[in-house]
Amino acid sequence: METVRSTNELSSWVESWRLENRTVGFVPTMGALHEGHLELVRHASQLADRVVVSIFVNPTQFGPGEDFARYPRNEDQDSELLQEGGCHLLFLPETSTIYQEGHSTCVEVDTPAKRLEGESRPGHFRGVATVVTQLLNLVRPSVAVFGQKDAQQLAVIRRLVRDLHLPVEIASHPTVREPDGLAMSSRNANLSADERTAAAAIYRALSSARQRIEQGERSAEAIRRGLREVLEGELLIDIEYAEVVEADNFEPIRRLRGSIVMPVAVRIGTTRLIDNFSLEID
Ligand code: AMP
């Protein structure tokens, strides 16, 4: 595995592969890698001949007072994991490489970025859409892989790629979970033992909602109430949202039908966690 920090080095590697007619897959991350990220890398290596992974804790997608400063960073361990995980090229840019002096262009997606994460974290998706557009332009992969764990982000990126006619296929990978169902997340490292135990309620809430839907419940309100009831059973959990929305635009629905997502965001102590289940309803 090669590691590069400059856009010139990145371009020359990618260009050399293109001259050899090798396809390029790309996995953007913010580092502090876990098995979920490594699954995306494996997925990318099934879809392309060469895999590029970026690690960049993107300052513009964090709001004031959010956890940018204490976001976990672990470059040496990440590098080892990627080396074993089948990554060919690790792109580790400095902030000043991505946001050059005088940077003043942003990418703003409307629907499906407006609600939920868009409301809870104003400016978050502008930061995500801007950095992902830049990274896609720098790497120019044929395919980029994103996790379903960040379902709204995935919907935003699919919309962005479609609307701007970016020449890349967007692939997704299911959420990788701990044995008790908690979605793997770099932020789980910030949970105390009690908070970690409480966090398992997110998966229990989503599982019980899915079970009710499988048993025939079609009222979105009943499902929202059920999600909240399970989450409220854990004293350490503060609910930010627990919703049922249409999968492509993330707008709330009344009757469940078609492709839906149940996105949940909670705070446990000072840590914010998100998760979701996606379902197809006949
Ligand atoms: P992050 O480093 O948190 O920005 O995530 C980088 C990519 O990994 C995004 O596409 C995430 O959706 C994905 N990802 C994060 N956690 C998981 C997980 N538990 N399972 C699958 N993909 C994940």
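Residues numbered from 1 in each chain as written. Predicted model: local features only at pLDDT ≥ 70, side-chain atom pairs only at ≥ 80, totals over all residues. Heavy atoms only, no water.

1. Some details on the environment of threonine 95
Rules: The way it works is that DSSP assigns letters per residue, a run of H or I at least four long becomes a helix, a run of E at least two long becomes a strand, and they are numbered from the N terminus.
With respect to the helices and strands, threonine 95 occurs in helix α4 (residues 95-98). It is 23 Å that separates the C-alpha atoms of threonine 95 and glycine 118, two residues lying 23 residues apart in sequence.

2. Describing the confidence of the model for the chain
Quick reminder of the rule: Scored between 0 and 100, pLDDT is the confidence that the predictor attaches to each residue.
Mean pLDDT over the chain: 98, with 100% of residues reaching 70 or higher. At the low end of the mean pLDDT range in the chain sits helix α3 (residues 75-85), at 97; at the high end sits strand β5 (residues 143-147), at 99.

3. Some words on helix α9 (residues 220-232)
For an α-helix the count is 3.6 residues per turn, leaving residues at separations of three or four pointing the same way. Stated formally: To estimate how far a helix should reach, multiply one less than its number of residues by 1.5 Å. Categorising residues by exposure relies on relative accessible area from a 1.4 Å probe, with only protein chains included: less than 20% of the type maximum marks a residue as buried, more than 50% marks it as exposed, and the intermediate range marks it as partly exposed. In this analysis, two residues are considered to be in contact whenever any of their non-hydrogen atoms come within 4.5 Å of each other.
The first and last C-alpha atoms of α9 sit 18 Å apart over 13 residues, in line with the 18 Å expected at 1.5 Å per residue. Of all the residues in α9, the buried ones are Ala220, Ala222, Ile223, Arg224, Gly226, Leu227 and Leu231. Buried positions along α9 lie against α8 (193-214), β7 (237-242) and β9 (258-268).

4. Some words on the domain arrangement of the chain
Size of an interface: often given as the accessible area lost when the parts come together. Applicable threshold: Residue ranges for the domains originate in an automatic or database domain assignment. Buried area counts how much accessible surface, traced with a 1.4 Å probe, disappears from two parts once they are put together, with both parts' losses summed. For this analysis, a salt bridge means a side-chain nitrogen from Lys or Arg found within 4 Å of a carboxyl oxygen belonging to Asp or Glu.
Segmentation of the chain into domains returns domain 1 (2-173) and domain 2 (186-277). Computed over C-alpha atoms, the centres of domain 1 and domain 2 are 26 Å apart. On the domain 2 side, the residues contacting the 24 residues of domain 1 number 21 residues. When domain 1 packs against domain 2, the two sides together hide about 1800 Å² of surface, and 48% of this comes from carbon and sulfur. Joining domain 1 to domain 2, the criterion identifies three salt bridges. For the salt bridge of aspartate 67 with arginine 187, the shortest nitrogen-to-oxygen distance reads 2.7 Å.

5. Here we look at the sheet that holds strand β2 (residues 24-29)
Short version of the rule: Any two strands with at least two DSSP bridges between them are considered paired. The axes used here are C-alpha line fits, helices contributing only the stretch in contact, and every angle between their N-to-C directions lies in the interval 0 to 180 degrees.
In space, the six strands of this open sheet follow the order β1-β4-β3-β2-β5-β6, with parallel pairing throughout. The sheet is open, and its two borders are formed by β1 (2-4) and β6 (169-173), each paired with just one other strand. Across the sheet, the mean angle from the axis of one strand to that of its neighbour is 25°, orientation sign disregarded. Sitting on the sheet, helix α1 (residues 7-19) touches β1, β2, β3 (50-55) and β4 (89-91), and the angle it makes with β4 is about 150°.

6. Examining the site of the ligand
The test is simple: One heavy atom within 4 Å of a molecule or strand is enough for the residue carrying it to be called near that molecule or strand. Counting of polar contacts relies on pairs of N or O atoms within 3.5 Å, with two restrictions inside protein: one atom must be capable of donating a hydrogen and the other of accepting it, and residues adjacent in sequence are counted only when both atoms are side-chain atoms. We get accessible surface area from the Shrake-Rupley algorithm with a probe of 1.4 Å; when it comes to residues, only the shown protein chains can shield them.
Taken together, the neighbourhood of the ligand is formed by 17 residues, with His37, Gly147, Asp150, Val176 and Met184 sitting nearest. Valine 176 places a main-chain nitrogen or oxygen 2.8 Å from a nitrogen atom of the ligand. The fraction of the free accessible surface of the ligand (490 Å²) that becomes covered by protein chains is 92%. Counting residues per element, the ones that place at least two in the shell around the ligand are β2, α2 (35-47) and β5.

7. As for unusual backbone geometry
Each neighbour pair has its own omega, and for threonine 111 with proline 112 the value is 5°, a cis peptide bond. Position of proline 112 among the secondary structure elements: in the loop between α4 and α5 (117-120). Here the phi dihedral of alanine 32 falls at roughly 50°; this positive angle occurs in a residue that is not glycine. Looking at where alanine 32 falls in the secondary structure, it is placed in the loop between β2 and α2. Of the residues examined, alanine 32 reaches a relative accessible area of 14% and is grouped as buried.

8. Quick notes on the packing of aromatic side chains
For any two aromatic rings, the description comes down to two numbers: the centre-to-centre distance and the angle of the planes. For the record, the criterion: Between 30 and 60 degrees the pair is tilted, below 30 it is stacked and above 60 it is edge-to-face, where a pair is any two Phe, Tyr or Trp rings, Trp via its six-membered ring, whose centres lie within 6.5 Å. Criterion for a charge above a ring: Lys NZ or Arg CZ within 6 Å of the ring centre, and within 35 degrees of the ring normal.
If you walk through the whole model with that rule in mind, you get five aromatic pairs. A centroid spacing of 5.7 Å and a plane angle of 75° characterise the contact between tyrosine 203 and phenylalanine 277, whose relative ring orientation is edge-to-face. Taken together, the residues span a long stretch of sequence, with tyrosine 203 in helix α8 and phenylalanine 277 in strand β10 (residues 271-281) at a distance of 74 residues. When its relative accessible area of 25% is taken as the criterion, tyrosine 203 is described as partly exposed. Of the residues examined, phenylalanine 277 reaches a relative accessible area of 6% and is grouped as buried. Here a set of aromatic residues connected by ring pairs shows up, and it is made of Phe62, Phe68 and Tyr71. Taking NZ or CZ as reference, arginine 73 lies 4.9 Å from the ring centre of phenylalanine 68, over its face.

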